[in-house]
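A look at the structure
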Amino acid sequence: MAGRVTLPLEGDRMAGDAAREVFMALDDLKFSAAHFVAFKGFREPLHGHNYSVGVRAGGSTIQADGYLADFGDLKKVARKACDALNQRTLVPMKSDVLQIRRSESNGGQLEISCEGGAVMMLPEQDC
């Protein structure tokens, strides 16, 4: 998919000041990452997924060229985010059931203590 698209929201196709949005999903907007889910009384094993990314951007102001957004700009930002997340471990840093400590030893480590006594040590640069 290439180009730019302006779409009205919620069926409002005629109003000049209507909210509009663009949506983009391309074959190369993907990343692979490890993660786990933890909540009170449960923690799943660390495992990975392949993720596909879609981008939705909205607004009510149309640019001088008649478009809401430039797909080229959206693609750059989305690809940069995918690159930053690819081959990383996603850590639920705000979890209320995990204790997460940063350690500067060994180049920076995350020590993740879980309910039940499980402890994971991950290089911070991998997260």
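Description of the structure in this document. (Residues numbered from 1 in each chain as written. Predicted model: local features only at pLDDT ≥ 70, side-chain atom pairs only at ≥ 80, totals over all residues. Heavy atoms only, no water.)

**Some details on the overall build of the chain**
Under the convention used in this document: Helix numbering and strand numbering both begin at the N terminus, where a helix is a DSSP run of H or I of at least 4 residues and a strand a DSSP run of E of at least 2. Each residue gets one of three labels from its accessible area relative to the maximum for its type: buried under 20%, exposed over 50%, partly exposed in between, using a 1.4 Å probe on protein chains only. We call two residues in contact whenever any of their non-hydrogen atoms come within 4.5 Å of each other. The method behind every accessible area is Shrake-Rupley, applied with a 1.4 Å probe, and residues are considered shielded solely by the protein chains displayed.
What the chain contains, in helices and strands, is one helix and nine strands. Start at the N end of the chain and walk to the C end: the helices and strands fall as β-β-β-β-β-α-β-β-β-β. Residues classed as buried in the chain amount to 27% of the 127 residues present. The contacts in the chain between residues at least 6 apart in sequence include a share of 50% that link residues at least 24 apart. Of the roughly 8400 Å² of accessible surface on the chain, a fraction of 51% belongs to carbon and sulfur atoms.

**Some points on the environment of S52**
Looking at where S52 falls in the secondary structure, it is placed in strand 5 (residues 47-59). Note on S52: relative accessible area 62%, which makes it exposed. Separated by 30 residues in the primary sequence, S52 and C82 place their C-alpha atoms 9.1 Å from one another. Excluding residues that lie within four positions of it along the chain, S52 makes contacts with L29 and K30.

**Focus on the pattern of salt bridges**
The line we're drawing: The term salt bridge refers to a side-chain nitrogen of Lys or Arg lying within 4 Å of a carboxyl oxygen of Asp or Glu.
Applying the stated criterion across every chain yields a total of five salt bridges. The residue R79 makes a salt bridge to D28 at a minimum N-O spacing of 2.6 Å. Separated by 51 residues along the polypeptide, R79 in helix 1 (residues 71-85) and D28 in strand 2 (residues 20-35) bring together distant segments of the chain. Since its relative accessible area comes to 33%, R79 is described here as partly exposed. A salt bridge links K40 to E115; the shortest N-O distance between them is 3.5 Å.

**Focus: unusual backbone geometry**
With phi around 60 degrees, Q87 is a residue other than glycine that occupies positive phi space. Along the chain, Q87 falls in the loop between helix 1 and strand 6 (88-89).

**Regarding the pairing of strand 2**
Let me state the cut-off plainly: Only strands that DSSP links by at least two bridges are regarded as paired with each other.
By the bridge criterion, twelve bridges tie strand 2 to strand 5 in an arrangement that is antiparallel. From the neighbouring strand, H35 faces strand 5, where its bridge partner is H47. One ladder, built from two bridges, connects strand 2 with strand 6; its direction is parallel. The residue of strand 6 that forms the bridge with A34 is T89.

**Considerations on the environment of M24**
Among the structural elements, M24 can be located in strand 2. Considered as a pair, M24 and V53 are 29 residues apart in the sequence and their alpha carbons are 8.7 Å apart.

**Some points on the packing of aromatic side chains**
Formally: Aromatic pairs are defined between Phe, Tyr and Trp rings, using the six-membered ring for Trp, whenever the two ring centres lie within 6.5 Å; interplanar angles under 30 degrees are classed as stacked, those over 60 as edge-to-face, and all others as tilted.
Across all of its chains, the model carries two aromatic pairs by this definition. Measuring from ring centre to ring centre gives 4.8 Å for F31 and Y51, while their planes differ by 15 degrees; the resulting arrangement is stacked. With F31 in strand 2 and Y51 in strand 5, this residue pair connects regions lying 20 residues apart in the sequence. By relative accessible area, F31 is classed as buried at 10%.

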